[in-house]
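Here's the letter readout for the chains.
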Amino acid sequence: MTVFILVAGAFTGPHVWRDTAARLAAGGAEARAVALTGLGGGPGASDGPVDLETHIADVLAVIDAVAAEPGREIVLVGHDYGIHPVYGAADRRAGVVTRIIHLDAGMVRDGVPALAAVPDPLLREEVANLATARGERGSGGELPPPAGDAWSRWGSTAGLSAAALDGLTALAAPQPLGTLLQPLRLTGAVAAVPVTGVLCTGNGPGVEMLQMMADVGDPALRALADAGVALLELATGHWPMLSCPAVLADVLAEAASGEGQRLTTPDAAHPPAHLRPFLLDVAERPRERTGNTDLYLPDGPGPHPAVVFVHGGPVPAGARPTPRDWPTLTGYARLVAGHGAAGVTLDHRLHAVTDYGRAAADVAEAVERVRADPRVDADRIALWFFSGGGPIMADWLAEPPRWLRCVAANYPILAPLPSWGLAGSRFHPVRTVSEAGDLPVVLVRAGRESAEIAATVEEFVAEAARCAANVEIVDVPDGRHGFETLDPTDAVRAAVLRAVDAVLDRLRGPDAVS
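Not measured: the values here are computed from a predicted model.

Explanation requested: the nonpolar core in the structure shown.
Here is a general trend for soluble globular proteins: nonpolar side chains tend to be buried in one another's company. Phe-4, Ile-5, Trp-17, Val-77, Tyr-87, Ile-100 and Leu-263 are the most contacted members of the largest nonpolar core, which totals 85 residues. Here the element with the most residues in this core is helix α2 (residues 52-67); it accounts for seven residues. Among residues more than four places away in sequence, those in contact with Val-77 are Phe-4, Ile-5, Leu-6, Val-7, Trp-17, Val-86, Ile-101, Leu-103 and Leu-252. Membership of the second largest hydrophobic core comes to 51 residues, among which are Val-363, Phe-385, Trp-403 and Val-407.

Spelled out as structure tokens, the structure:
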């Protein structure tokens, strides 16, 4: 018999598993929810300081009790913070654990505390400051639980009813600070245990997006691909045991059997998506490389209007080729150059979601370098953003300069994603589109977009309609995120050409320099 040992995340206890555990039992499995000291046992349940080792011991006790019974296959499920005591315990009982399931939980590393996995950098800082103020580093002290909307700082509440959110708050317990601050220590034995990840796509990327990130060279995701980690998806927020407990139980049963998709490693026969050919045949043009920019000039003396193409990300610093040489960017740059506008590709330093400030500065510097070129009409510039570059668009919407004639965005992220922890960031185009005035915006929308990114696009469209912003939408119904190299169909080609025509029409205008 399969026994699921369920370990809840921060501030929560065995109660959150009630409905999921019942569904697992109805399916013929057994489910045991671990009462972590100070959480499931209630505040003050321990006689001494509570830290990560305390919670590892709690999980070990349940493992040992189950292992003492014959015919049991142990599957450890760690949600959120719970994955850290799960790994600590599995490392010491690797011989009896059949599988580990990450339930919307990040990857763990030896010597790194659970606090490092909290996505919101301001929240991490607040917790660290609280611990410092109390003189607590690994023992004693508690972090008060969130309430109401504050839960979203710990993960997306998508799918939770108002009653479920109220219940989450009512039954929450303070989190012992030591559990978040004490580094996890692993011997390496846990590496022998098979792993499955369950991704809640209302809170973070799905499998397709992770594959793209692995293709670009994210080392952690490349490691997942090499390890053959299975991945499953749930279309909900960070608390699936409350938003869809029955569906979660079914997915956990799938995960326990080893089902799921696996990330692949690119090879010569199967190049990564971002390095496949551009979907249009575009004539080669010479480029001029200066600093972080490449300039593709049209025929004739100029000065020419220019389109600056801003790549997405995050892109690992060691990725090669760098984005300005990716077929999508070079394809667009050559395409607009063939239609009389200078095409510009650039590299910016968006290597992590915390890098938007310096990436935005890189883009602004590149734009000024392009405008200073005498062959470019400095008063006729368009900016075209892609994917994770979308948040940078917020600055240009908030205070559009007179020379900026158009902004465009393909399959963009238009608000910080829940898993980024940047809800208060300035890089939030949904909030700045109302300040754009008459600035034309061309939004190219992928019909087969991931749910979490599509939600930001729809939020942007709704806000643009509310404030009567000058937005034209070019829909690509059958296009995926990155359709220029993934979906070379006639319909997608036609949509790309419509978008290019729309941008160039706005860029030139009736008073264009010929």
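Having seen it, we continue.
How do you make sense of the pairing of strand β8 (residues 230-234) when you look at a structure like this?
Along a regular strand, successive side chains alternate from one face of the sheet to the other. Counting buried positions along β8 yields four of five residues, so the element is predominantly enclosed. As defined by bridge partners, strand β7 (residues 195-200) adjoins β8 across five bridges and the pair is classed as parallel. Residue pairing in the sheet places Leu-199 in a bridge with Glu-233 of β8. When β8 meets strand β9 (residues 261-262), the two strands line up antiparallel, connected through two bridges. From the neighbouring strand, Leu-231 faces β9, where its bridge partner is Gln-261.

Explanation requested: the sheet that holds strand β1 (residues 2-7) in the structure shown.
Reading across from one edge, β2-β1-β3-β4-β7-β8-β9 is the order of the seven strands in this open sheet, with mixed pairing throughout. Of all strands in the sheet, those bounded by a partner on one side alone are β2 (30-33) and β9. Strand contacts of helix α7 (residues 207-216): β7, β8 and β9, with the helix running at about 135 degrees to β8, the strand carrying the most contacts.

Explain the sheet that holds strand β14 (residues 376-386) here, please?
Hydrogen bonds along the backbone pair up the strands of a sheet, which may run parallel or antiparallel. Strand order in the open sheet made by the eight strands is β10-β11-β13-β12-β14-β15-β16-β17, with mixed pairing throughout. In this open sheet, the two edge strands, each paired with only one partner strand, are β10 (288-290) and β17 (471-480). When the angles between neighbouring strand axes are averaged without regard to direction, this sheet yields 20 degrees. Across four bridges, the pairing between strand β15 (residues 404-410) and strand β16 (residues 441-448) is parallel. Opposite Ala-408, over in β16, you have Val-442 as the bridge partner. Contacting β10, β11 (293-296), β12 (304-310), β13 (342-346) and β14, helix α12 (residues 356-371) crosses the sheet at an angle of about 150 degrees to β14.

In this structure, what is going on with the packing of aromatic side chains? I would like to understand it.
Both the distance between ring centres and the angle between the ring planes are used here to describe each pair of aromatic rings. A full pass over the atoms with the stated rule returns 15 aromatic pairs. Between Phe-309 and Trp-384, the aromatic rings sit 5.5 Å apart at their centres with planes inclined by 35 degrees, giving tilted as the arrangement. One end of the pair, Phe-309, is in strand β12; the other, Trp-384, is in strand β14, and 75 residues separate them in sequence. Connected via pairs of aromatic rings, a cluster forms that spans Phe-278, Phe-309, Tyr-332, Trp-384, Phe-386, Tyr-411 and Phe-483.

Which parts of the structure should I look at to understand the environment of Gly-291?
Tracing the chain through its elements places Gly-291 in the loop between β10 and β11. Residues Gly-291 and Ala-366, 75 residues apart in the sequence, show an inter-C-alpha distance of 8.3 Å. Once residues lying within four places of it in the same chain are set aside, the contact partners of Gly-291 are Arg-324 and Arg-369.

Parameters at a glance
Residues numbered from 1 in each chain as written. Predicted model: local features only at pLDDT ≥ 70, side-chain atom pairs only at ≥ 80, totals over all residues. Heavy atoms only, no water. Core = buried A, V, L, I, M, F, W, Y, C linked by side-chain atoms within 4.5 Å. Buried < 20%, exposed > 50% of the residue type's maximum accessible area, 1.4 Å probe, protein only. Helix = DSSP H or I, 4+ residues; strand = E, 2+ residues; numbered from the N terminus. Contact = heavy atoms within 4.5 Å. Pairing = 2+ DSSP bridges. Axes fitted to C-alpha atoms, helices over the stretch in contact; angles between N-to-C directions. Phe/Tyr/Trp six-rings, centres within 6.5 Å; stacked < 30°, edge-to-face > 60°.

Remember that the coordinates give geometry; whether it matters functionally is a separate question.
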